[in-house]
Amino acid sequence: MGEIEQKPTPGSRLGAPENSGISTLERGQKPPPTPSGKLVSIKIQMLDDTQEAFEVPQRAPGKVLLDAVCNHLNLVEGDYFGLEFPDHKKITVWLDLLKPIVKQIRRPKHVVVKFVVKFFPPDHAQLQEELTRYLFALQVKQDLAHGRLTCNDTSAALLISHIVQSEIGDFDEALDREHLAKNKYIPQQDALEDKIVEFHHNHIGQTPAESDFQLLEVARRLEMYGIRLHPAKDREGTKINLAVANTGILVFQGFTKINAFNWAKVRKLSFKRKRFLIKLRPDVNSSYQDTLEFLMVSRDFCKSFWKICVEHHAFFRLFEEPKPKPKPVLFSRGSSFRFSGRTQKQVLDYVKEGGHKKVQFERKHSKIHSIRSLATQPTEPNSEVPKQSPKSASLTFGEGTPSPSGQSCQQGKELKVSAEESGSHQSPALKKSPPGNTLADGATLVPQEEEDEEEGINDRVQPRKPQPPQPSTELSINSQGGAVPATATVTLSPNLSPDTKQASPLISPLLNDQACPRTDDEEEGRRKRFPTDKAYYIAKEVSTTERTYLKDLEVITSWFQSTVSKEDAMPETLKSLIFPNFEPLHKFHTNFLKEIEQRLALWEGRSNAHIRGDYQRIGDVMLKNIQAMKHLATHLWKHSEALEALENAIKGSRRLEHFCRDFEQQKVCYLPLNTFLLRPLHRLMHYKQVLERLCKQHPPSHADFRDCRAALAEITEMVAQLHGTMIKMENCQKLHELKKDLIGIDNLVTPGREFIRLGSLSKLSGKGLQQRMFFLFNDVLLYTSRGLTASNQFKVHGQLPLYGMTIEESEDEWGVPHCLTLRGQRQSIVVAASSQAEMEKWVEDIQMAIDLAEKSSGPTAEVLASSPPDNKSPDEATAADQESEDDLSASRTSLERQTPHRGNTMVHVCWHRSTSVSMVDFSIAVENQLSGNLLRKFKNSNGWQKLWVVFTNFCLFFYKSHQDNHPLASLPLLGYSLTIPSEAENIRKDYVFKLHFKSHVYYFRAESEYTFERWMEVIRSATSSASRAHVLSHKESHVY
């Protein structure tokens, strides 16, 4: 460990890789060189009550010691923690990270420095790492024991029950009482023993990680959570206590909070000798004076509290570390103290971008295996996928990183996940992969696939629904992307961290370079043999997209129908409405595809007929089949009825709801189920677009022109008849899909409600800028946050009716870039977009929605069952945030076995990419669907791989071939940039386009100029939304 005493770290004991552990540095930076000189040994007391000795240069700044502790723990989110010690006046102070240690700790041999939590975030869901939450849980345990975290008996018993669950596991009354007799978690614990045991009985099946999460969920509701009291007096001489939190400065009388000054209201903080001064922003509605004054015990106490306030304000409110002030030439006035380290926003961004490797850790007090531990257990044979216990949600791969049913195509081989046997006191580590085979977040791939991962966005390739309990299972990854029994065992484990849910499509093993032969020469020769006529490639597009359309129909006619027949979950009336109206379509389009492929075979010269030119056209085939399609119009009309009937049945039957949700978890259902019900209507629009391009391509004298024009007239008539139904159904489908992503909402789907835009914005509150997901409709604006629950859904925080709302830009007022103030009739909120372009989109759509609401009959009914205001005044917040025993008891069920919910919907993509998408964008995406073969190359790979690629729903889905039933991986494109490779990238191939997002780069190569332009066109529709004016003109040019 360099200059630190040579003791094995928890990470090294577990076989984890060496980690710099420097949490306060930006990605790619190296720690500053430590000053040479005499070493001094400093004892650090950890949160688990163990002591470690660290040797550092005595002239080194405090930051070196903190970084050494973080390195020792392999702690990524070390910015939330600090080191405190008693100074020479016996005042407990924080170690200043910029000052030399020798100037702060006078007698290091006689001082024990404590490593503790310094910054308590407003929501523990913001803690991305399981290790971080474990350390926070230890801090709560300490605060309970020392009497700093005061609460009522019910809350105390519930907190202790979660601690007991994490330490000894599931309920056993005799074991519980024996454990409580040996361990005192709170003074007067004996009186609470029965209630603790009663609560513990409700936590059966809860893992240590879940217990930490629930412990913090309960603790954060308590008034004294994260509070350190500092004695003071007000101007009248009344004894009070001051404290600082993420929201601002708090005033207590005893242990009761009597006042709060949010950061947004504080203009300046200062101190003069023993007087602590708070200068407030002017407010006509406030009875407070402009400057508040508090008298503290001494100047040192006062300065210490002022420093803590400065650090809290900077950490929670600023975007980046404040720059140091220039040193005065002659005289200095005031303190030069400043916050040192990353702000909370920088920490969240760093972890979200995956700038770290996850490591294992050991729970000192826990008698059950760590969440990331592995065990060698017998396994049930012949299981297609790993079976998960009820408390199991994912597999642990690589360096402790979970992955979905990890899939890789490897020629002639299987990629296996192996684990070492568990030690007696510590969690084992997975065997290290060969160099170059492990991504930054630990997913194991083959060489040349590094840097193709991204946190947060989940792959379509994910485990099927949880199976009955099983101690462990063997896993091997076969060449078809399926999980099959292997020789090594992996214990399945739940993962609560956002970065450890199902892996992203970018980390999904996606046909490695060795999987498919490199086909550069083959493709070149094949391209030269094929016709170069643009009409041929337009006809070929009909063929490739028809293949995908048939597969989509089979999701309903084959996969869904077969699943329905096995379980009696769907009413017969609904079956008779869905399947008889899809089967004729499937049969018709199967024959249609055969005719198109036969024509293309003749066109390509696989027969002498092409010499006469009789078959170098497609219009006659299109005309014949579109005319025949008219006889199927009665079935097409039934699809909208089927969609409504299915959603109504789901609403009325919990069993059918779970059945459909489980079906959506299957790999073959790569889109929301109700999307497949609209596919036949969407396909008509595709035929129309193809025929429009053919008519533009052919001169009137061309032999194919007349048939193409006649077919275009026929399909235009069909589309015009169904267009109104299509728009209505798309909106209905979108509302029902959003309803699945939201919790805390009653009547989202109501007649007349239209979806307009969804996306991620930052909401300004007393807690600072908090990421929120906003949903804009034609009558109301909802804002939500993502909870760390098994359901992966977004919890609605509040709503703003649009009737009477005004919108104004307020960047200058709040000093936040791209800032807006939305003023409703009952409340106002301040939000900030991620960019100027995002802000303009929101302004345009919100203003349009306001205009629509003004033209309507008046204010709309409440959307939520209860609408909790999120921008309360300090007094309101105090009343609203009072702990409730009902709330605290209810919180323990928030991580119980909920129905699995996919984490890769468009809502989650927008959340992780900090972007937005509108209903107009969805409508354009419906028109811009494409499929076909592409060659793909990674940034650091040498060869090209041939893939079957389907573009739909703002996403690329990758298949080994068009015959596959389900995609191997997916790549959501929102936020990506689409460009042409520069000469410096040394591609030297024709028809290549480049997709990149941050450090993730992909190259794709098309077979012709036409297909290259088409891929560029459709992908551009997903990577950059057009303005509403442009979209409207686009719509007018395609009148149905």
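Reading guide: rules and limits
- Residues numbered from 1 in each chain as written.
- Predicted model: local features only at pLDDT ≥ 70, side-chain atom pairs only at ≥ 80, totals over all residues.
- Heavy atoms only, no water.
- Helix = DSSP H or I, 4+ residues; strand = E, 2+ residues; numbered from the N terminus.
- Buried < 20%, exposed > 50% of the residue type's maximum accessible area, 1.4 Å probe, protein only.
- Contact = heavy atoms within 4.5 Å.
- Salt bridge = Lys/Arg side-chain N within 4 Å of Asp/Glu carboxyl O.
- Core = buried A, V, L, I, M, F, W, Y, C linked by side-chain atoms within 4.5 Å.
- Phe/Tyr/Trp six-rings, centres within 6.5 Å; stacked < 30°, edge-to-face > 60°.
- Lys NZ or Arg CZ within 6 Å of the ring centre and 35° of its normal.
- Pairing = 2+ DSSP bridges.
- Axes fitted to C-alpha atoms, helices over the stretch in contact; angles between N-to-C directions.
- Expected span 1.5 Å × (residues − 1).
- Patch = residues over 30% accessible without salt bridge, like charges linked within 9 Å, V, L, I, M, F, W, Y side chains within 5 Å.
- Areas by Shrake-Rupley, 256 points an atom, 1.4 Å probe, with all protein chains shown as cover.
- Lys, Arg positive; Asp, Glu negative; His and termini not counted.
- Charge placed at Lys NZ, Arg CZ, Asp CG, Glu CD.
- Left-handed = near helix turned anticlockwise from the far one by under 90°.
- Nonpolar A, V, L, I, M, F, W, Y, C, P; charged D, E, K, R; others polar.
- Parallel < 35°, antiparallel > 145°, perpendicular 65-115°, else oblique.

Enquirer: In this structure, what is going on with the overall build of the protein? I would like to understand it.
Expert: Each helix and strand counted, the protein has 26 helices and 33 strands in total. For the protein, buried positions account for 58% of its 1040 residues. Sequence-distant contacts in the protein: of pairs separated by 6 or more residues, those separated by 24 or more amount to 69%.

Enquirer: Could you clarify how one ought to interpret the pattern of salt bridges in this entry?
Expert: Opposite charge on two side chains permits pairing when their charged atoms draw close. Scanning the model with the defined rule gives 45 salt bridges in all. Residues joined in a network through salt bridges with shared partners are Glu173, Arg177, Glu193 and Asp194.

Enquirer: Explain unusual backbone geometry to me, please; I cannot follow it from the model alone.
Expert: Positive phi is not limited to glycine here, since Gln188 has a value of about 55°. Among the residues examined, Gln188 registers a relative accessible area of 67% and is labelled exposed. Located in the positive-phi region is Tyr991, a residue other than glycine, with phi close to 60°. Here Tyr991 lies in the loop between β31 (977-979) and β32 (992-997).

Enquirer: I'm lost on the environment of His586 in this one. Help?
Expert: Tracing the backbone through its elements, the reader meets His586 in helix α12 (residues 572-603). Taking the C-alpha atoms as reference, His586 lies 6.7 Å from Leu550; in sequence the two are 36 residues apart. When residues no more than four places from it in sequence are discounted, the contact partners of His586 are Leu550, Leu553, Glu554 and Thr557.

Enquirer: Hey, could you run me through the nonpolar core in this one?
Expert: Note on soluble globular proteins: their nonpolar side chains tend to be buried together. In terms of nonpolar packing, the biggest core is built from 103 residues, with Ile44, Phe115, Leu135, Phe276 and Ile278 touching the most fellow members. Residues Met629, Val668, Leu678 and Val926 belong to the second largest nonpolar core, which totals 77 residues.

Enquirer: It is not clear to me how the packing of aromatic side chains should be interpreted in this structure. Could you clarify?
Expert: To describe a pair of aromatic rings, one takes the distance between the centres and the angle between the planes. Tallying each qualifying case throughout the model produces 33 aromatic pairs. Centroid distance Tyr80 to Phe136: 6.1 Å. Interplanar angle 80°. Geometry classified as edge-to-face. Of this pair, Tyr80 sits in the loop between α2 (62-73) and β3 (81-86) while Phe136 sits in helix α3 (residues 130-145), and the two are 56 residues apart along the sequence. On the basis of relative accessibility, which here comes to 0%, the residue Phe136 falls in the buried class. With a centroid separation of 5.0 Å and 75° between ring planes, the pair formed by Tyr536 and Tyr537 is classed as edge-to-face. Taking relative accessible area as the criterion, Tyr536 reaches 0% and is therefore assigned buried. Its relative accessible area of 6% is what places Tyr537 among the buried residues. The structure contains a cluster of three or more aromatic residues connected by ring pairs, namely Tyr80, Phe81, Phe115, Phe119, Phe120, Phe136, Tyr225, Phe315 and Phe316. The cationic tip of Lys734 hangs over the ring face of Phe922; the distance from NZ or CZ to the ring centre is 3.7 Å.

Enquirer: How do you make sense of the sheet that holds strand β1 (residues 39-45) when you look at a structure like this?
Expert: Either a parallel or an antiparallel arrangement is found when strands of a sheet pair, and the pairing is made through backbone hydrogen bonds. Taken in spatial order, the five strands make up an open sheet running β2-β1-β5-β3-β4, and their pairing is mixed. Lying at the two open borders of the sheet, with one neighbouring strand each, are β2 (51-57) and β4 (92-94). Put simply, the sheet's adjacent strands are angled 35° from each other on average, direction ignored. Taken together, the four bridges between β3 and strand β5 (residues 112-117) define a ladder with antiparallel strand orientation. Paired with Leu83 across the bridge in β5 is Phe115.

Enquirer: Just to check I follow, could you spell out helix α15 (residues 633-652) for this structure?
Expert: In an α-helix, one turn spans 3.6 residues, which is why side chains three or four residues apart end up on the same side. Helix length check: α15, at 20 residues, gives a terminal C-alpha distance of 30 Å against a target of 28 Å (1.5 Å per residue), a fit within 8%. Listing the buried residues of α15 in full gives His635, Leu636, His639, Ser640, Ala642, Leu643, Leu646, Glu647, Ala649 and Ile650. Buried residues along α15 sit in contact with α12, α16 (654-664), α17 (673-697) and α18 (705-741).

Enquirer: In this structure, what is going on with a positive patch on the surface? I would like to understand it.
Expert: Together, Arg267, Lys268, Lys272, Lys279 and Arg281 make up a region of like positive charge exposed at the surface. Of the residues forming the positive patch, the biggest block, three residues, is contributed by strand β10 (residues 266-272). Locating Lys272 in the fold gives a position in strand β10. Classification of Lys272 by relative accessible area gives partly exposed; the value is 47%.

Enquirer: Please explain a negative patch on the surface as it appears in this structure.
Expert: On the surface, Glu809, Glu811, Asp812, Glu840 and Glu844 cluster together into a negatively charged patch. Among the elements of the structure, α19 (811-814) and α20 (836-855) are those that each provide at least two residues to the negative patch. Tracing the sequence through the fold places Glu809 in strand β23 (residues 806-809). Owing to a relative accessible area of 58%, Glu809 belongs among the exposed residues under this scheme.

Enquirer: Got a minute to help me understand the packing of α18 against helix α24 (residues 919-927) in this structure?
Expert: For any two helices packed against each other, the geometry is given by the interaxial angle and the distance between the axes. For the pair α18 and α24, the least separation of the axes is 11 Å and the interaxial angle reads 115°. Crossing handedness for the pair α18 and α24: right-handed. Residues Glu730, Asn731 and Lys734 of α18 pack against Met919, Phe922, Ser923 and Val926 of α24. Classifying every residue of the contact of α18 with α24 gives three nonpolar, two polar and two charged.

Enquirer: Is there a simple way to think about α12 in this case?
Expert: With 32 residues, α12 extends 47 Å from end C-alpha to end C-alpha; this agrees with the ideal 46 Å at 1.5 Å per step. Residue Gly605 follows α12 closely and has a positive phi angle near 95°.

Enquirer: Explain the sheet that holds strand β28 (residues 945-952) to me, please; I cannot follow it from the model alone.
Expert: Read from one edge to the other, the open sheet built from seven strands follows the order β30-β29-β28-β27-β33-β32-β31, with strand pairing classed as antiparallel. Two strands lie at the open edges of the sheet, namely β30 (969-972) and β31, each paired on one side alone. Between one strand axis and the next, the sheet turns by 35° as a mean value, whatever way the strands run. Inspection of the sheet shows strand β29 (residues 955-959) paired to β30 by four bridges, in the antiparallel sense. For Phe958, the partnering residue across the bridge sits in β30 and is Ala969. Sheet strands touched by helix α11 (residues 534-566): β27 (930-938) and β28. Its angle to β27, the strand with the most contacts, is close to 90°. Lying over the sheet, helix α25 (residues 1009-1023) contacts β27, β28, β29, β31 and β32, oriented at roughly 20° with respect to β32.

Enquirer: Where do I start with the packing of helix α4 (residues 153-168) against helix α5 (residues 173-182) in this structure?
Expert: At a minimum axis distance of 11 Å, the contact between α4 and α5 shows a crossing angle of 105°. By the angle class used here, α4 and α5 are roughly perpendicular. Of the residues in α5, those touching α4 at Ile160, Val164, Glu167 and Ile168 are Leu175, Asp176, His179 and Leu180.

Enquirer: What exactly am I supposed to notice about the environment of Leu968 here?
Expert: Mapped onto the fold, Leu968 is located in the loop between β29 and β30. Measuring from C-alpha to C-alpha, the distance between Leu968 and Phe957 comes to 7.6 Å, with eleven residues separating the pair along the chain.

Enquirer: Any chance you could explain the pairing of strand β22 (residues 794-801) here in plain terms?
Expert: It is a general feature of regular strands that their side chains alternate between the two faces of the sheet. Counting buried positions over the eight residues of β22 gives six, a clear majority of the element. Here strand β18 (residues 742-743) pairs with β22 via two bridges, running parallel. Bridge pairing links Leu742 to Phe794 in β22. In terms of strand pairing, strand β21 (residues 780-786) meets β22 through seven bridges, oriented antiparallel. Bridge pairing in β22 places Thr784 opposite Val796.

Such coordinate-based values are descriptive only and should not be taken to indicate function.
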